[in-house]
Amino acid sequence: MMMYRVIETTSDDNKRIGLGTYPSEAKAHRAVSEFAQKHVHVAKILRKRYSLRLGLDQATVTIDDCSYCYKVEGG
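These figures come from a predicted structure and were not determined experimentally.

*Asks:* Just to check I follow, could you spell out the nonpolar core for this structure?
*Replies:* The tendency in soluble globular proteins is for nonpolar side chains to be buried side by side. Among the nonpolar cores identified, the biggest contains 16 residues, and V6, A28 and V32 are the most heavily contacted of them. When contributions to this core are tallied by element, the ones reaching two or more residues are strand 1 (4-10), helix 1 (25-45), strand 4 (58-63) and strand 5 (66-74). The dominant element in this core, judged by the number of residues it contributes, is helix 1, at six residues. Once residues within four sequence positions are removed from consideration, V32 is found in contact with V6, Q58, A59, Y70, K71 and V72.

Have a look at this one:
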């Protein structure tokens, strides 16, 4: 069975953090979207500048000068 990993990379330290593995590509893409939306929600609460870019296998949230990139790997 193929598994898909969701990875977070931050612009602050370029650290790669594994956020979980998912049994299907659709579930991994849904997780990427949920993680990105949570960062947007936090930015709204803190009244910070933010941008959200969604792609096929990744999402990038930029809050002030820090970027959080979520990617699907595997398959």
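Here the narrative resumes.
*Asks:* I keep staring at the side chain of H39 and nothing clicks. Help me out?
*Replies:* Relative to the elements of secondary structure, H39 occurs in helix 1. Separated by 2.6 Å, the side chains of H39 and Y70 make a polar contact.

*Asks:* Mind showing me how you'd approach the pattern of salt bridges here?
*Replies:* It is possible for side chains of opposite charge to pair when their charged atoms get near one another. Counted according to the given criterion, the structure contains four salt bridges. For the salt bridge of R5 with E73, the shortest nitrogen-to-oxygen distance reads 2.9 Å. A residue pair is termed long-range when its members are at least 10 positions apart, and R5 in strand 1 and E73 in strand 5 qualify at 68 residues. As a salt-bridge pair, K48 and D64 come within 3.5 Å of each other at their nearest N and O atoms.

*Asks:* Honestly, the environment of S33 in this entry has me stumped. Any pointers?
*Replies:* Among the structural elements, S33 can be located in helix 1. Using a relative accessible area of 30% as the deciding quantity, one classes S33 as partly exposed. C-alpha separation for the pair S33 and I63, spaced 30 residues apart in sequence, amounts to 16 Å.

Analysis parameters
Residues numbered from 1 in each chain as written. Predicted model: local features only at pLDDT ≥ 70, side-chain atom pairs only at ≥ 80, totals over all residues. Heavy atoms only, no water. Core = buried A, V, L, I, M, F, W, Y, C linked by side-chain atoms within 4.5 Å. Buried < 20%, exposed > 50% of the residue type's maximum accessible area, 1.4 Å probe, protein only. Helix = DSSP H or I, 4+ residues; strand = E, 2+ residues; numbered from the N terminus. Contact = heavy atoms within 4.5 Å. Polar contact = N/O pair within 3.5 Å; in protein donor to acceptor, adjacent residues only side chain to side chain. Salt bridge = Lys/Arg side-chain N within 4 Å of Asp/Glu carboxyl O.

None of this, on its own, says anything about what the molecule does.
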